Amino acid sequence: MAMKSFTPHHVATRVIALVAVLGTAVVASQGFAAGDETSNGAAVTVLKATRSCFSDTVEVAGILIPKNEAAVRPERPGLKVAEILAEPGQSVTAGQVLARLNRPEGGSTQVQAPVAGLVSGSTAEIGAIASGKGEALFNIVTGNEFDLVGQVPTADLAKLAVGQAAKVVVVGAGDMDGKVRLVAPTVEPNSQLGQVFISVDPNRHMLVNASGRAIVKTGESCGIAVPLTAILYGSAGTVVQVVRRQRVETRRVEVGLLAGGQVEVREGLSDGDVVVARAGALLREGDPVRPVTADASTK
């Protein structure tokens, strides 16, 4: 049997070919390993951080009190109430007759409303003697103008200013527009709360001492926004989990205002960063993940 001889050139060629085959196999195995690692990562719902504007607000809870109230009394004492022509809760005009009174010496006189407004209270009783100096016969809320008066912490008091718009909700009267009319210059020393007066719509029927609340817009800030669920609070500070190259990165962030389930991120994120929608302690720095966009995950 004839023996086939190999020259040095043939040997070198075979060695190069073998190295190439082995190199291809190694690269392929590494590729499969990387692919397996990514495919084995946890599926997480992600979304892109976007720019949004947030309103800075102060909430005021309190009660309705008359802005101005007129006390109505007869011009002289000793008159007896003969007829009552207005009741509490009734709106009256300036000059309208509220009651008729009998004089001791005979004849009668009238008690008229000095201003237009809402009759908030009355002590008038048929046959009773009307006082000329003591308790008023009628009380009228001038122009039906009320203030929602409440107390707010010192930090919030500093944000308030006369003329700021407010959205007001009053029990028994519903929603209405309001405006900051007065901010107290001092605070109560023990509670560190200060009073604020918010004027409300005089065209509504109001109830004295009815409870209500107001949301006052004190400013606006625009920046990066993410859902509240994307924020983690812990010993490491406030963080957001970002996905880059299908791996988790932990970013420390500075948060600002909160509105409608969204949080303003003032530092730490950029517009378009891919964020884990529901961040959790089970995800660690560098973990491989399979990101699923929020829109796709809800289909």
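Residues numbered from 1 in each chain as written. Predicted model: local features only at pLDDT ≥ 70, side-chain atom pairs only at ≥ 80, totals over all residues. Heavy atoms only, no water.

### Quick look at the overall build of the protein chain
Broken down by element type, the protein chain carries three helices and 22 strands. Residue burial in the protein chain is summarised as follows: out of 299 residues, 30% are buried. Across the protein chain, the fraction of contacts at a sequence separation of at least 24, relative to all contacts at a separation of at least 6, is 69%. Total accessible area computed for the protein chain in this model is approximately 17500 Å², and 54% of it derives from carbon and sulfur atoms. (Helix = DSSP H or I, 4+ residues; strand = E, 2+ residues; numbered from the N terminus. Buried < 20%, exposed > 50% of the residue type's maximum accessible area, 1.4 Å probe, protein only. Contact = heavy atoms within 4.5 Å. Areas by Shrake-Rupley, 256 points an atom, 1.4 Å probe, with all protein chains shown as cover.)

### Side note on the environment of Thr123
Looking at the secondary structure, you find Thr123 in the loop between β8 (117–122) and β9 (129–130). Expressed as a C-alpha distance, the spacing of Thr123 and Glu135, which sit 12 residues apart in the sequence, is 7.7 Å. Once residues lying within four places of it in the same chain are set aside, the contact partners of Thr123 are Glu135, Ala136 and Leu137. Of the polar contacts made by the side chain of Thr123, one reaches the backbone oxygen of Ala136; its length is 2.8 Å. (Polar contact = N/O pair within 3.5 Å; in protein donor to acceptor, adjacent residues only side chain to side chain.)

### Quick word on the sheet that holds strand β4 (residues 79–84)
Reading across from one edge, β7-β6-β4-β9 is the order of the four strands in this open sheet, with antiparallel pairing throughout. Of all strands in the sheet, those bounded by a partner on one side alone are β7 (108–112) and β9. The pairing of β4 with strand β6 (residues 97–102) spans four bridges and is classified as antiparallel. For Lys80, the partnering residue across the bridge sits in β6 and is Asn102. (Pairing = 2+ DSSP bridges.)

### Things to note about the pattern of salt bridges
For the structure shown, the criterion picks out 11 salt bridges. Two residues, Glu83 and Arg100, come together in a salt bridge whose shortest N-O distance is 3.0 Å. Of the two residues, Glu83 is situated in strand β4 and Arg100 in strand β6; the sequence distance between them amounts to 17 residues. Judged by its relative accessible area of 30%, Arg100 is partly exposed. Linking Glu249 and Arg251 is a salt bridge whose minimum nitrogen-to-oxygen distance equals 3.8 Å. Note on Glu249: relative accessible area 22%, which makes it partly exposed. Salt bridges sharing partners connect three or more residues here, namely Arg244, Glu249, Arg251 and Asp273. (Salt bridge = Lys/Arg side-chain N within 4 Å of Asp/Glu carboxyl O.)

### Describing the environment of Gly194
As for its position among the elements, Gly194 is in strand β14 (residues 193–200). Separated by 43 residues in the primary sequence, Gly194 and Gln151 place their C-alpha atoms 5.2 Å from one another. Not counting residues within four places of it along the chain, the set of residues in contact with Gly194 comprises Gly150, Gln151, Val152, Leu157, Thr186 and Val187.

### Considerations on the side chain of Asn144
Here Asn144 is to be found in the loop between β10 (138–142) and β11 (146–153). In this structure Asn144 comes out as buried when scored by relative accessible area, which is 13%. Excluding its chain neighbours within four sequence positions, the residues that come into contact with Asn144 are Gly117, Leu118, Pro202 and Arg204.

### Thoughts on the sheet that holds β8
Strand order across the open sheet formed by four strands is β3-β10-β8-β5, with antiparallel pairing between neighbours. Lying at the two open borders of the sheet, with one neighbouring strand each, are β3 (69–72) and β5 (91–92). Sheet topology places β8 next to β10; five bridges connect them, and they run antiparallel. If you follow Ser122 over to β10, its bridge partner there is Phe138.

### Examining the nonpolar core
Membership of the largest hydrophobic core comes to 24 residues, with the highest contact counts inside it found for Leu64, Leu160, Val168, Val196, Ile198 and Val200. For this core, the secondary structure elements donating two or more residues are β2 (50–66), β11, β12 (165–170), β13 (174–183), β14 and β15 (211–227). Filtering out sequence-adjacent residues up to four positions away, Val200 remains in contact with Leu64, Phe146, Leu148, Val168, Met176, Asp177 and Met206. Counting residues in each nonpolar core, the second largest holds 16 residues, with Ala86, Ala113, Leu137 and Phe138 among its members. (Core = buried A, V, L, I, M, F, W, Y, C linked by side-chain atoms within 4.5 Å.)

### Focus on the confidence of the model for the protein chain
Considering every residue of the protein chain, the mean pLDDT works out to 84; 85% of them sit at 70 or more. Confidence scores differ between elements of the protein chain, with helix α1 (residues 8–39) showing the lowest mean pLDDT of 41 and β6 the highest of 97. Within the model, pLDDT remains below 50 along residues 1–38, and this stretch shows seven contacts once partners closer than five positions in the same chain are excluded. (pLDDT = per-residue confidence, 0-100.)

### Considerations on the state of the cysteines
The full count for this structure, using the stated rule, is one disulfide. With its sulfur 1.9 Å from that of its partner, Cys53 forms a disulfide with Cys222. Its S-S torsion of about 100° marks the bond between Cys53 and Cys222 as right-handed, since a negative value means left-handed. Remark: Cys222 occurs in strand β15 and Cys53 occurs in strand β2; sequence separation between them is 169 residues. In this structure Cys222 comes out as partly exposed when scored by relative accessible area, which is 41%. (Disulfide = S-S within 2.5 Å.)

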